[in-house]
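# Observations on chain architecture
So you can see what is in the structure, the chains are spelled out below.
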Amino acid sequence: DGEYLVETALGKTEVIIATPIERLKFPEVFISLGKPTVEKLSDNQLASLSKLIIDDPSYLDFKKNFVELGQKKRLTMKVPLDFLAKTAFTKKTVMSLCDELGIAGIILFAEDSRNKAMRSRYFTTLLDGGEDAVTGIASGSILAFCLQNSLLEEGEDLSLIHISEPTRPY
């Protein structure tokens, strides 16, 4: 247990490591990243999304928001579980979409009722459009998205499982 500084892509970040009993003293999560903000996409941004991801128009039907956390904005979308596992983006598609929308990445997540968890994928400009396996930012963004869209109650636990199973590139 204790307080530590960890060097991340966002700079030095204060973290608290605590046993379950000690966690009761530290109810705040992502303190050093600031409070996330969630916003809707404009009609122009939705048009950009449909223009760049033309192979599967169902993307437009999924619930989506921008989530800003750690001073960067990411597109966060809730998709069906079967869709999540088969989705893959080329690095070029990710970079084009992020450039067009002025965002730092794309987070996809789905409910997995078998495990009572959320599964997620995170594609980021920090990896030139590649998929990131280190997903603390994705987890914080999904939490903010779920709270904003009433998919989770304040104080309710949320388990996240990050996967990487691309089978078809866009």
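Residues numbered from 1 in each chain as written. Predicted model: local features only at pLDDT ≥ 70, side-chain atom pairs only at ≥ 80, totals over all residues. Heavy atoms only, no water.

### Things to note about the pairing of strand E8 (residues 117–124)
Along a regular strand, successive side chains alternate from one face of the sheet to the other. Where we set the bar: Buried residues are those whose accessible area, probed at 1.4 Å on protein chains only, stays under 20% of the maximum for their type, while exposed residues exceed 50% and partly exposed ones sit between those limits. Note on conventions: DSSP H or I runs of at least 4 residues are helices, E runs of at least 2 residues are strands, and numbering of each starts at the N terminus. Between any two strands, at least two bridges found by DSSP are needed for them to pair.
Burial of E8 is extensive: 8 of the 8 residues sit out of reach of the surface. Relative to E8, strand E7 (residues 105–112) runs antiparallel, the two sharing 8 bridges. Considered in E8, the bridge of leucine 108 is made with arginine 121. Linking two consecutive strands that pair antiparallel, namely E7 and E8, is a turn of 4 residues; a positive phi of about 50 degrees is found at lysine 116 within it.

### A look at unusual backbone geometry
Located in the positive-phi region is aspartate 128, a residue other than glycine, with phi close to 55 degrees. Here aspartate 128 shows up in the loop between E8 and helix H5 (136–148). The exposed category is assigned to aspartate 128, whose relative accessible area is 53%. Residues other than glycine seldom take positive phi values, yet serine 150 does so here, at roughly 55 degrees.

### Details of the pattern of salt bridges
Definition in use: By salt bridge we mean one thing: a side-chain nitrogen of Lys or Arg within 4 Å of a carboxyl oxygen of Asp or Glu.
Applying the stated rule across the entire model yields 5 salt bridges. Its salt-bridge partner being lysine 78, residue glutamate 111 comes within 3.0 Å of it at the nearest N-O pair. Taken together, the residues glutamate 111 in strand E7 and lysine 78 in strand E5 (residues 72–78) connect sequence positions 33 residues apart. The salt bridge partner of aspartate 112 is arginine 119, with a shortest N-O separation of 2.5 Å.

### Remarks on the environment of glutamate 131
The test is simple: Here a polar contact means two N or O atoms within 3.5 Å. Within protein one must be a hydrogen donor candidate and the other an acceptor candidate, and residues neighboring in sequence count only if both atoms are side-chain atoms.
Along the chain, glutamate 131 falls in the loop between E8 and H5. A distance of 2.6 Å separates a polar atom in the side chain of glutamate 131 from a polar atom in the side chain of arginine 121.

### Some remarks on the pairing of E5
With 7 bridges joining them, strand E4 (residues 63–69) and E5 adopt antiparallel strand pairing. Directly across from glutamate 68, in E5, lies its bridge partner lysine 73. The antiparallel pairing of E4 with E5 creates a hairpin that spans 2 residues between the two strands, and glycine 70 there sits at a positive phi of about 70 degrees.

### Points about the side chain of aspartate 132
Rules: We treat Lys and Arg as the positive residues and Asp and Glu as the negative residues; His and chain ends play no part in the count.
One can find aspartate 132 in the loop between E8 and H5. No salt bridge forms around the buried aspartate 132; measuring N to O, its nearest opposite-charge neighbour arginine 74 is 8.0 Å away.

### Comments concerning the confidence of the model for the protein chain
Heads up, the rule is: One confidence number per residue, pLDDT, is output by the predictor and ranges from 0 to 100. Any two residues whose heavy atoms approach within 4.5 Å at even a single point are treated as in contact.
Chain-level statistics for the protein chain give a pLDDT mean of 77 and a share of 71% at 70 or above. Per-element mean pLDDT across the protein chain ranges from 40 in strand E10 (residues 168–169) up to 92 in E5. For the stretch residues 26–31, pLDDT sits under 50, and the model shows 4 contacts to residues farther than four places along the chain or on other chains.

### Concerning H5
Think of an α-helix as turning once every 3.6 residues; residues three or four places apart then point the same way. So the rule is basically this: Helix span is expected to be 1.5 Å times the residue number reduced by one.
Between its terminal C-alpha atoms H5 stretches 18 Å, which fits the 18 Å expected from 13 residues at 1.5 Å a residue. Looking at H5, one finds that the buried residues are Ile137, Ala138, Ser139, Gly140, Ser141, Ile142, Ala144, Phe145 and Cys146. Positive backbone phi, approximately 55 degrees, marks serine 150, located one or two places after H5.

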